[in-house]
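Okay, here's what each chain looks like letter by letter:
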2 protein chains.
Amino acid sequence: MVTPIVRAILINTGTELLLGDVQDAHLAFIAREILPLGLRIEERRTVPDSEVIRRTLVELFPHCEILFVTGGLGPTSDDITREMVAESLGLDLRRDPELLAWLERRLQVRGIKWSSGIARQADVLAGAEVLPNENGSAPGFYLKANINPRIPSPHVFVLPGPPRELQPMFKKFAIPILKSIITGPPQVERRSYSIAGVGESLVENAIGRKVLAIPGIELGYCARPGEVEVRIIGAPNAIAGADAIIRRELRVSIFSDHGEALAAVVVNLLKQRNETLATAESCTGGLISNQITNVPGASEVFLAGYVTYSNSAKSDVLNVDSELIEKHGAVSEEVARAMADGARTRAGSTYALATTGIAGPTGGSEEKPVGTVYVALASKTSKTFVMKFRFLTDRETFKQLAAQTALDLLRRKLLKESDVHSERSGGAP
Amino acid sequence: MVTPIVRAILINTGTELLLGDVQDAHLAFIAREILPLGLRIEERRTVPDSEVIRRTLVELFPHCEILFVTGGLGPTSDDITREMVAESLGLDLRRDPELLAWLERRLQVRGIKWSSGIARQADVLAGAEVLPNENGSAPGFYLKANINPRIPSPHVFVLPGPPRELQPMFKKFAIPILKSIITGPPQVERRSYSIAGVGESLVENAIGRKVLAIPGIELGYCARPGEVEVRIIGAPNAIAGADAIIRRELRVSIFSDHGEALAAVVVNLLKQRNETLATAESCTGGLISNQITNVPGASEVFLAGYVTYSNSAKSDVLNVDSELIEKHGAVSEEVARAMADGARTRAGSTYALATTGIAGPTGGSEEKPVGTVYVALASKTSKTFVMKFRFLTDRETFKQLAAQTALDLLRRKLLKESDVHSERSGGAP
């Protein structure tokens, strides 16, 4: 029996990871899954498909209480993790006839030819608990602590490499075992808050000192283009106190407390209100509509997107007066407003968002430098609202910042429409 | 002096990595940058911002020839890498007045308030070569092997955590130093090929056995939605042989041999031909136009994108006959063709791509199940071409597959127009 917080270590095997050809997804997944149990990964090692696996296992056995090993369970010759674990723990590998029959059926159904390597996936570590793989052919293993009495060892979980195999296996089979290993109630909780419309330093100014005054709380920030994620970790009562501070200080700037994308929040607000949206994008080039249509069911609220990159498209599709473009330039408050109005009228939607700006790296002028962007929101009930920003960054980040800003503008508008008293800390519109 | 291949190790510091809040990007970047020099990362350790950094440094000093350490150089109290390196090597930290003045100016320009932690970023490891940070405030360091004669140590590179700071610093300052450390010509080369329109198993069938017959070649595949990356590593003459096989067998299915995005290839082909493009997207929801407008200079060739999610938008903007939609359904060959034609006419472009399909998870029928998609290509010179696919996957991957398929359709068309003899292995149109 292990009491939280214990010392857990993760070993990722895979030469492809060290060559930079594949990005590891296991650390982030496992870390988030085990934190509610009071468990943390305290170190992660990435090692090649070689002898280094065994050396690393032997080295780490005395240094941790729980060890996760991922990858190298497949059928090809460089998949050697099963053998390395067996050798380092002095355990036999036994071909399991039931597993072998299951593998044969599996391949038959899929019309895949049998090869000698495939049979190795039916090799089971003596004394291990098999973790069934419901999304692939290689099962995982759980080996209890000191499984070979002659070799002191931690609890070892051996897991397959592909994330779509590992993740469901972990949730269904590893988590219950971990719960049985760990005694007592979980001593830490984790919460996160997604924040838009406020920069990282302002978020820190608003909550940092107050939250950190709570004993035993850990506070972290992660800034992504156009949003800040705040995470807190601590005992349940510390979390409750921090949660109250964060919600009081950041109010409507928090758009999700469960990792939802900003576009999903907007789509759901529109659905609730039975309202619709159109977009007119110049500099964001379709990113806003792409984010919106990533949300399942977006078709209920999203009528049309107009990516009017050229001036003639702005006039033709959105009915923007070409003289207006000539007079003020395509990147201007006036054109942004006309684009939003044109899109709303054309689509017959409740709202329309428009963007026009200079993403760069070229196309800037002294008056309108690279990074300048106008974001407009047209609605059925209010005057069309335009905001100007300057984002000094690379092209793709610029597009993300502009898209997030536009979506957040609409989100705040929708919240205000739903409850005029819900907002205090302001923000447009 | 070190001869390739040497033993290089990477240490990523950062509690946020171990909590799963941030994904490491350094391993993949550094691994790809150093491979042309004949260098590989042979092990990677991810450690928290704690004493573990020092323990890991001391442990690894005798075990490698080159050590990269990332992260923990910032101004906050959990940034302790500089101190840990100093302690483990017995080196003093000296505040550099020039660096301090530079930091002060930097903050002033940005209107950021001075805080005591910031000054720590002007602390320099005694004897180290400072690697200037042109994209942030914390400089990096290079420490030559055995910098403190009393403590045997490898060449150590200490680098900042944010990728947009580390990456340019690495290319500009670390690579030249690495070149001076490593003697002799590089003994391995790496090449990669991006392939569209052919699945992973067909790629493997086409080249696998032949390439692996070359002694000393390493061959790897990495499948992403709508594309396969083939990589080869080996001695220059082995690479030349493998390269010839891959190009002969895969021909025009290779869209890039230097990691370019498919959209960038299409934009550049259009630029070369002085031609233009419009898009009409239903199920891809703006993803195609978003990918195209991610390419700098896309405005030269991309005129307009119409994201016609609703049927009325298809009729209104693209002039698709509403009776046609009623008769065949919005997801049909006929409507896909009409959308492409309508977009090309409306925008006045040389080409137009259209997509209509059922991304799911809902909206399918027995006749047209979830995953069905029609992709159409209209052009000035040929009859409009429509292809039908079925992609059984999640919503976002479906969109990516449909977008890649559409872009590849256009790419092959453009290649054919440029040289009717360049294609043998077929593929549409």
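## Here we look at the relation of the copies chain A and chain B
Part 1 of the argument: Overlay of chain A on chain B (RMSD 1.1 Å): rotation 179°, translation along the axis 0.9 Å. When the rotation and shift are considered jointly, the pair of chain copies conforms to a two-fold rotation axis.
Part 2 of the argument: A shared interface surface links the copies, since 100% of the contact residues of chain A are contact residues in chain B too.

## A few points about helix α8 (residues 200-212) of chain B
Residues and elements named next belong to chain B.
Part 1 of the argument: Along α8, the sharpest kink reaches roughly 35°, centred on Ala 206.
Part 2 of the argument: All of the buried residues in α8 are Val 203, Ala 206, Ile 207 and Val 211.
Part 3 of the argument: Where α8 is buried, its residues meet β9 (189-196), β10 (218-224), β11 (227-234) and α9 (236-250).

## Quick look at the interface of chain A and chain B
Part 1 of the argument: Taken together, the contact between chain A and chain B spans 51 residues of the former and 51 residues of the latter.
Part 2 of the argument: When residues in the side of chain A that touches chain B are grouped by element, the largest group, eight residues, is from strand β2 (residues 40-47) of chain A.
Part 3 of the argument: Partitioned by chemical class, the residues of the side of chain A that touches chain B number 24 nonpolar, 14 polar and 13 charged.
Part 4 of the argument: Note: β2(A) against strand β2 (residues 40-47) of chain B, three bridges, orientation antiparallel. Bridge pairing in β2(B) links A:Arg44 to B:Thr46.

## A look at the domain arrangement of chain A
Where interface size is given, it is often the accessible area lost as the parts come together that is meant.
Part 1 of the argument: Taken domain by domain, chain A comprises domain 1 (7-181), domain 2 (189-256) and domain 3 (262-418).
Part 2 of the argument: With centres defined by C-alpha atoms, the gap from domain 1 of chain A to domain 2 of chain A works out at 36 Å.

## Description of the sheet that holds strand β13 (residues 277-281) of chain B
Part 1 of the argument: Strand order in the open sheet made by the 10 strands is β17(A)-β16(A)-β15(A)-β13(A)-β14(A)-β14(B)-β13(B)-β15(B)-β16(B)-β17(B), with mixed pairing throughout. Each end of this open sheet is capped by a strand with a single partner; those strands are β17 (385-390) of chain A together with β17 (385-390) of chain B. Strand-to-strand twist of the sheet, defined as the mean angle between neighbouring strand axes without regard to direction, takes the value 10°.
Part 2 of the argument: Pairing between strand β14 (residues 302-308) of chain A and strand β14 (residues 302-308) of chain B: five bridges, direction antiparallel. By the bridge assignment, A:Val307 is partnered in β14(B) with B:Gly305.

## Observations concerning the packing of helix α8 (residues 200-212) of chain A against helix α9 (residues 236-250) of chain A
All names here are of chain A.
Part 1 of the argument: Running from N to C, α8 and α9 point in directions that differ by 155°, and their axes come no closer than 10 Å. The orientation of α8 with respect to α9, classified from their angle, is roughly antiparallel. Seen along the crossing, α8 lies across α9 with a hand that is right-handed. Each of Val 203, Ala 206, Ile 207, Lys 210 and Val 211 in α8 lies in contact with α9, whose residues at this interface are Ala 242, Ile 245, Ile 246, Glu 249 and Leu 250.

## Observations concerning unusual backbone geometry
Part 1 of the argument: In this structure, A:Pro361 follows A:Gly360 across a cis peptide bond, with omega equal to 5°.
Part 2 of the argument: Structurally, A:Pro361 can be placed in the loop between β15 (351-357) and β16 (372-379).
Part 3 of the argument: In this model, B:Asn146 sits at a positive phi of 55°, which is unusual for a non-glycine residue.
Part 4 of the argument: Within the element layout of this structure, B:Asn146 appears in the loop between β7 (140-143) and β8 (155-159).
Part 5 of the argument: The phi dihedral of B:Arg251 falls on the positive side, at around 40°, and the residue is not glycine.
Part 6 of the argument: Looking at the secondary structure, you find B:Arg251 in the loop between α9 and β12 (254-256).

What counts as what
- In every chain, residue numbers begin from 1 and rise along the written sequence.
- Both sets of labels track the order of writing: A upward for chains, 1 upward for ligands.
- For this predicted model, a pLDDT threshold of at least 70 governs which residues receive local features, and a threshold of 80 or more governs which side-chain atom pairs are given and counted, while totals over whole chains, interfaces and linings are taken from all residues.
- Only residues with pLDDT of at least 70 in both copies contribute their C-alpha atoms to the least-squares superposition of the copies.
- It is the C-beta atoms, placed from the backbone, that decide contacts: two residues are in contact if theirs lie within 7 Å.
- Note that the bend at a residue is defined as the angle between axes fitted to the seven residues ending at it and the seven residues starting at it.
- Strands are runs of DSSP state E lasting at least two residues, helices are runs of H or I lasting at least four, and both sets are numbered from the N terminus onward.
- With C-beta atoms placed from the backbone, a residue counts as buried when 20 or more other C-beta atoms lie within 10 Å of its own, as exposed when 12 or fewer do, and as partly exposed for counts between those limits.
- Three classes are used: nonpolar for Ala, Val, Leu, Ile, Met, Phe, Trp, Tyr, Cys and Pro, charged for Asp, Glu, Lys and Arg, and polar for all others, with Gly counted as polar.
- Criterion used throughout: strands pair if DSSP finds at least two bridges between them.
- For each domain, the first and last residues come from an automatic or database assignment.
- In this analysis an axis means a line fitted to C-alpha atoms, helices contributing only their contacting stretch, and an angle means the value between N-to-C directions, from 0 to 180 degrees.
- For classification purposes, angles smaller than 35 degrees are called roughly parallel, those larger than 145 roughly antiparallel, those between 65 and 115 roughly perpendicular, and all remaining angles oblique.
- Crossings are sorted by hand: turned counterclockwise from the far helix by less than a right angle, the near helix makes the crossing left-handed, and turned clockwise it makes it right-handed.

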